[in-house]
Amino acid sequence: MPTAEDRLRALELELARMTEERDALRRANDTLQLKAEALDAAPLGAICVSGLSGRYEFINAEFARLIGRDQQTTLAADPFEIWQTVTHPEDLAAEQDAIARLARGEIDAFELDKRFVLPGGEARWVHVRAVCTRSEDQKLASMTVFFSDLQPQREIAAARDKLEQQLRRSQKLEALGKLAGGIAHDFNNRLVIIMGYAELMRRALDDDSPFIEHADIILASSQRAADLTRQLLAFSGRQVLKPEAFDLNVALEQMRRLLQGVVGDHIELQMSLQASQPISFDPGQLEQVVLNLAINARDAMPSGGRFELETRDVYLETDDAINLPAGEYVLLATRDSGSGIPDDVLPHIFEPFFTTKEIGKGTGLGLSMVQGIIHQSGGAVQVETRLDRGTTFKIYVPKARDIKPRPHYAVAQVPPPAAAFETVLVCDDDEGVRKLLLDILEFRAYKVLEATNGLHALELAREHDGPIHLLITDLVMAKLGGVELAAELRKTRPELAVLYISGYTEQPELLAVPLGPRTQFLAKPFLPGDLTSAVGSMLSGYPAEATVSAPLG
């Protein structure tokens, strides 16, 4: 029979065992608590659903955040109802099929990408990894699901794709712009020749000649072709601009009548002109920009509506969306109450030759020309649109700086006749254009030196003993451009007058400074009368009325 001492020792051993079990249970509970806290704080969403009760065993805070709901409220809710509510309808079938296969024992885990629909309607992408535990009889005991947030990396990928698309589009448009600019340059040279000789032929015909009408048709068709080349050059940002400082409000008021005629009487024209700062812009190109926007607005309101123009001074902070340096600008906004621009059309509206109009009703160059003119002028264009609510174009143009009064020139009512034997150096690398210039000038009794390129012109000038009164030169030439040629010649002939002729330039910055003394510009294509008027005026000391407004150095 156990003695009292034996019983006491047995009790002590049992107490030690129970103490050890208690400590082990406490340690296990602490570990479980740590695991629970870690799981709740994990950056992955996690849930566990019982296979027997169909209720949540647990959900962590990240899962509640991913679905945009309260953690405790969700824990008490029906998992099936939550799953149906938060899963995007397009993703339900695939996940339902995977869960069914897991329940049937065909698989023990699955992974897929799906979208959660948040209470506000926003969709959020997540990656799902589900695993199950099974009872001894292989029935589903529980399913644990982990959710990793894919939205940030998808947004980064989308932003990268957008930037890559913008880069490809920019490179495509740049290549297309160079191609269009080169074609327009060559085409302008052809038009100069066609228009020039058609005009000379017309002048030589008797008034009753039946060929006068033919010559007029050639000239009219050439003018329409010249309009197309101007659009191509505007889109490509390679046309010769003539910026001036002027009041935008005054310019728009002067266009009011023209704009009302363009949009029609069924559209109400409103103007709110609040800008106080003058702008630096080419007045002729401003008219093209506003007219193109007015035509687009008219076409968006076939049953009538409202077309508004607004101007105001603005200060822009650095903004990647506008892509302009911080500073002062003048805003020109046009608004219509028309049909708006569909989402699938909006990304393409500034692309050349893109149009939603019927064949023959539009070239698709209108808005691309607007954007080209604005960008080449140092500004930017933004568009805001809503279907059936209308479209707003916001144009930011540079404020004029260092404004000086435009010089006043007394323009003769009739250009004075050319003095015989004045020497004109003609430089153009296009043989047909050169011959036309020579024919026109020699007919007016000028002495003409003919140069095939800039280097040849320098050589002729060095070899010529007498004075050279005027240089007529193309701006864009392969070996030496017109601006550089004029600068070189003026080192030894400072009195030299210079007439630039071109309709295209790869270096618009050369043209962004005011005209110097005895310097003018004549845009291709031009008629013989434009040339003789400019030359006669320059050599007699008077600028030609038609060519005073171009900026060149």
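Residues numbered from 1 in each chain as written. Predicted model: local features only at pLDDT ≥ 70, side-chain atom pairs only at ≥ 80, totals over all residues. Heavy atoms only, no water.

Q: Describe the overall build of the protein, with residues and values.
A: Summing up its helical and strand segments, the protein has 14 helices and 17 strands in all. Looking at the protein as a whole, 43% of its 553 residues qualify as buried. Long-range pairs, those at least 24 residues apart, make up 64% of the contacts in the protein with a sequence separation of at least 6. Carbon and sulfur atoms provide 54% of the accessible area of the protein, an area that totals close to 30,200 Å². (Helix = DSSP H or I, 4+ residues; strand = E, 2+ residues; numbered from the N terminus. Buried < 20%, exposed > 50% of the residue type's maximum accessible area, 1.4 Å probe, protein only. Contact = heavy atoms within 4.5 Å. Areas by Shrake-Rupley, 256 points an atom, 1.4 Å probe, with all protein chains shown as cover.)

Q: So, the packing of helix α8 (residues 248-263) against helix α9 (residues 283-300): which residues are in play, and what are the values?
A: Where α8 meets α9, the axes come as close as 10 Å, and the angle between the chain directions of the two elements is 40 degrees. Relative to α9, α8 is oriented so that their crossing is right-handed. Within the contact between the two elements, α8 uses L248, A251, L252, M255, L258, L259, V262 and V263 and α9 uses L286, E287, V290, L291, A294, I295 and R298. Residues of the contact of α8 with α9, tallied by class, amount to 13 nonpolar, no polar and two charged. (Axes fitted to C-alpha atoms, helices over the stretch in contact; angles between N-to-C directions. Left-handed = near helix turned anticlockwise from the far one by under 90°. Nonpolar A, V, L, I, M, F, W, Y, C, P; charged D, E, K, R; others polar.)

Q: Pulling in residues and values, what's your account of a nonpolar patch on the surface?
A: Together, L179, I183 and F187 make up a nonpolar patch on the protein surface, roughly 280 Å² of accessible area in all. Along the polypeptide, L179 turns up in helix α6 (residues 151-204). (Patch = residues over 30% accessible without salt bridge, like charges linked within 9 Å, V, L, I, M, F, W, Y side chains within 5 Å. Salt bridge = Lys/Arg side-chain N within 4 Å of Asp/Glu carboxyl O.)

Q: Hey, could you go over the sheet that holds strand β12 (residues 390-398) for me, with residue numbers and the actual values?
A: Pairing is mixed across the open sheet formed by five strands, whose spatial order is β7-β9-β10-β12-β11. The open sheet has two edge strands with one neighbour each: β7 (267-273) and β11 (380-386). Strand after strand, the sheet turns through a mean of 15 degrees between neighbouring axes, direction not considered. Bridge count for β7 against strand β9 (residues 305-316) is seven bridges, and the pairing is parallel. Its bridge partner being in β9, M271 is matched across the sheet by L309. The strands touched by α8 are β7, β9 and β10 (327-336); relative to β7, the strand with the most contacts, the crossing angle is about 175 degrees. (Pairing = 2+ DSSP bridges.)

Q: Residue-level account of the packing of aromatic side chains, with values.
A: Any two aromatic rings considered together are summarised by their centre-to-centre distance and by the angle between their planes. By the definition in use, this model includes five aromatic pairs. Aromatic pair F63 and F116: ring centres 6.1 Å apart, planes at 80 degrees, arrangement edge-to-face. Of this pair, F63 sits in helix α2 (residues 61-67) while F116 sits in strand β3 (residues 109-117), and the two are 53 residues apart along the sequence. By the burial criterion, F63 is buried, and F116 matches it. Summarising the aromatic geometry, the rings of F350 and F393 are spaced 6.4 Å apart at their centres and angled 80 degrees between planes, so their arrangement reads as edge-to-face. Of this pair, F350 sits in the loop between β10 and α10 (366-376) while F393 sits in strand β12, placing them 43 residues apart in sequence. Across the pair, exposure class does not vary: F350 and F393 are buried alike. Clustering of aromatic rings is evident, with ring pairs tying together F63, F116 and F147. (Phe/Tyr/Trp six-rings, centres within 6.5 Å; stacked < 30°, edge-to-face > 60°.)

Q: Which residues make up the pairing of strand β2 (residues 56-59), and what are the values?
A: Consecutive side chains of a regular strand alternate in pointing toward one face of the sheet and then the other. One ladder, built from three bridges, connects strand β1 (residues 45-50) with β2; its direction is antiparallel. Across the sheet, residue C48 finds its bridge partner in β2, namely F58. Connecting β1 to the next strand, β2, in antiparallel fashion are five residues, including G54 with a positive phi near 70 degrees.

Q: Could you give an account of helix α5 (residues 92-103), with specific residues and numbers?
A: Helical geometry note: an α-helix holds 3.6 residues per turn, so side chains three or four residues apart project in the same direction. End to end, α5 covers 16 Å across 12 residues, agreeing with the expected 16 Å (1.5 Å per residue, within 8%). Listed as buried for α5 are E95, A98 and L102. Taken end-on, α5 shows its buried residues confined to a sector of 60 degrees, consistent with a single buried face. Along its buried surface, α5 packs onto α4 (79-86), β3, β4 (123-134) and β5 (140-149). Just downstream of α5, G105 is the residue with a positive phi angle, here 90 degrees. (Expected span 1.5 Å × (residues − 1). Arc of directions from axis to C-beta.)

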